[in-house]
Structures are given as C-alpha cells and as structure tokens.
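Listed below, chain by chain, are the residues.
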Amino acid sequence: MVNTLPDMVEDTRVAVIGAGLMGHSIAGVFAGAGSQVSLFDTHEPALRQGLADMRRQLLDPEAADGVTICSELPAAVAAAHLVIEAVPERLELKQRIFAEVSDLAPEAVMATNTSVLKIAEVGRRADRRRVLGTHWFNPPHLVPLVEVVESDATDPACVAWVMGVLRQAGKLPVHVRRDIPGFLGNRLQHAMWREALHLVETGACDAETIDLVVRNGFGLRLPAMGPIENADYVGLDLVLAVHEYLFPHLSRDEEPSRLLREAVDAGRLGAKTGAGLLTWPPGRQDEARKRLDAQLTAENDNPAAPRN
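Quick caveat, the model's predicted, so the values are computed rather than measured.

## Looking at unusual backbone geometry
Between N138 and the following residue, P139, the backbone shows a cis peptide bond with an omega angle of -5°. Residue placement: P139 occurs in the loop between β6 (131-136) and β7 (145-149).

Written out as structure tokens, the structure reads:
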C-alpha cells in the first residue's frame, strides 16, 4: 500500500474531516504546502466559516482557493492519500467515521486528531494497519509539533510516510511508540494541571497566582530547554534529592479535582460562559487569543528557536 503513496507533499491528496477549530487550520497547513486538499463537514456554514478562517491564517491566502469543500463524505475522501479526522472527542463518532473511510478509501492512510483516546479504540472498526494518530496542537497553523501515534496494528511504513509528509509541510513530527491515553504532550500538560488545581483547592494560592508563577518563572525557559535537558543541566543528583523530599507532598489524586468538578457543575465553564477559575469579562478571550497568536508567531519567526 505505502508503495502507492507519493513521496512529495505537493503530490499528496489530503482530506480533512471536520471544519471546526482544528480541522480548517490543519487543512490550511497542507494547502499552504501545495497539497490538493478537500475539507468535509456536514454543517455547510462551518465549511464556509472554516474556509474564511483559513484564508486569514495562511501566509498566502490564495492557497485556500484550491481547497475543495465537501458536504458528502465519499466525494471528500475517494481520491485521498491521507485522511485526517478532526471531529469532537466522541469515540463512537470517530469509530463510525473510520469504518466508513476504510471502505470508501481503501488505499488511504487514516489519521485521527484525538488528543487522548487510544488509537486502537478509534480504529477498531477499520483496517487498523492504516490507522494512526496525528495529534496537532491548537492552533495547528502556528504550533510546530504533531504527535504521530502508532497502535500495535499500525503498519510502520505508514508512520514513516506520514512523518515525512508532515516534515515537508513545515511541521515537527514526533513518534509516539506506545498507544497510551493522552500520548506525550497531554500527559505532561494534565499532570501540571492536576498539581495546579490541587494548590488552589488546598489554599496555597489563588488561581491567578498559578499563571503568574508559570508564565514568569520556569515557563520562560521551556522554549529553550525542556524538562529532561534541564534535569541533566542542573544535575541528576540534585533532581533526585528534590524528588525524594517533594514527591510525597504532590497530588496523587486519581479523580478530577473537586474544584474543577464544582465549577463545571455550577456552569462556570471558563471564557465561553464568562467565568471559570478566572473571570472573563467581554473582550478578555479575544485579547488572550491575540496574545497567544503573537507569542507563537514570534517563536516561529525566531531563527534561534529550537526545533529538535
């Protein structure tokens, strides 16, 4: 099968399923790299909005002109070499889509953008040799990293081909060799969230202070030095000593934070409801989005920024 796949990204036909926050941006990455792209969604207003957002995100907005929008799945995937699913995190929905795509595009490699679900579970009703994960980080057009996740049934040649296509599209793919829930990035991120919520819940500080500590403390060095390199940098004997003293005091909760559950139960869902762990007056979400986009753009434009 892989022998029939093109070597160059510009010769690769890509179908993206789902035109929402992640899908349209993923489609834009490939359109900007010269791929022939189709974007599928059952909700036609989402397709139109996705195409408009894509044009705003692309360095060359005219690249979006070649994207085909489809409201019928067979038309979207029939000729695709790579199909990327970017629909909501509902396992049954993803399984149904992969079963259909497996029949409609029997030669295509199928990738799910799930952020936590096991790849084997998503592809259970499809040809699992052709199913893998490509976990993009939001916003996909600005964040370089893509986690490429294999299951125990994935053809290794499919993994290698997808990683090559992603590199040509300007992304930084990393190979996740075990099909574990949450993969790498989200396991690290949510481990920090667990401790952050625990500190607020137990009265060590308020929610605003957590963000101040991360953004103005160790967060400043993370773009230049990750946690493993930093451990070697400061000395593993020091790291071991700190862990021996500190680990017994860290949260070991196996259930979500009570603080988090109470906020959700009360309808305080964050920016979309005007309040969560913080307050979100009108305009704050737009300001946060612009600040994030500006930071990511600056990192991408920095020639000294590490990429491997």
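That was the structure; now back to the text.
## Observations regarding a nonpolar patch on the surface
Residues Y233, V234, L238, V242, Y245, L246 and F247 make up a contiguous nonpolar surface patch of about 740 Å² in total accessible area. Of all the elements in the fold, those that place two or more residues in the nonpolar patch are α9 (227-234) and α10 (236-246). Examining the composition of the nonpolar patch, we find that four residues originate from one element, α10, more than from any other. Position of V242 among the secondary structure elements: in helix α10. Under the relative-accessibility criterion, V242 is labelled partly exposed at 39%.

## Points about the sheet that holds strand β3 (residues 68-70)
Within the open sheet, the eight strands sit side by side as β3-β2-β1-β4-β5-β6-β7-β8. Their pairing is mixed. Each end of this open sheet is capped by a strand with a single partner; those strands are β3 and β8 (172-176). When the angles between neighbouring strand axes are averaged without regard to direction, this sheet yields 25°. Note: strand β1 (residues 13-17) against strand β2 (residues 36-40), five bridges, orientation parallel. Paired with V14 across the strands is V37, a residue of β2.

## Focus on the pairing of β2
Within β2, four of the five residues are buried, which leaves the element mostly enclosed by the surrounding structure. Handedness of the crossover joining β1 and β2 through helix α1 (residues 23-32) is recorded here as right-handed. Sheet analysis places β2 next to β3, joined by three bridges and oriented parallel. Bridge pairing links S38 to T68 in β3. Taken together, β2, helix α2 (residues 44-57) and β3 constitute a β-α-β crossover, and its handedness is right-handed.

Conventions we followed
Throughout this document, residue positions are counted from 1 along each chain, in the order its sequence is written. Confidence filtering applies because this is a predicted model: local features only for residues at pLDDT of at least 70, side-chain atom pairs given and counted only at 80 or more, and all residues used for totals across whole chains, interfaces and linings. The side-chain figures draw on all heavy atoms in the structure; neither hydrogens nor water molecules are used. Secondary structure elements follow DSSP: runs of H or I of four or more residues count as helices, runs of E of two or more count as strands, with numbering from the N terminus. Surface patches are drawn from residues lacking salt bridges whose relative accessible area is over 30%; two like charges belong together within 9 Å, two nonpolar side chains (Val, Leu, Ile, Met, Phe, Trp, Tyr) within 5 Å. In this description, accessible areas are obtained by the Shrake-Rupley approach with a 1.4 Å probe, and a residue is regarded as covered only by the protein chains that are shown. Each reported salt bridge corresponds to a side-chain nitrogen of Lys or Arg within 4 Å of a carboxyl oxygen of Asp or Glu. When a residue's accessible area, from a 1.4 Å probe over protein chains only, is under 20% of the maximum for its type it is buried; when over 50% it is exposed; and in between it is partly exposed. For two strands to count as paired, DSSP must find a minimum of two bridges between them. Fitted lines through C-alpha atoms give the axes, limited to the stretch in contact for helices. The angle between two N-to-C directions lies from 0 to 180 degrees. A crossover counts as right-handed when, viewed with the strands pointing away from the observer, the path leading from the first strand over the helix to the second turns clockwise.

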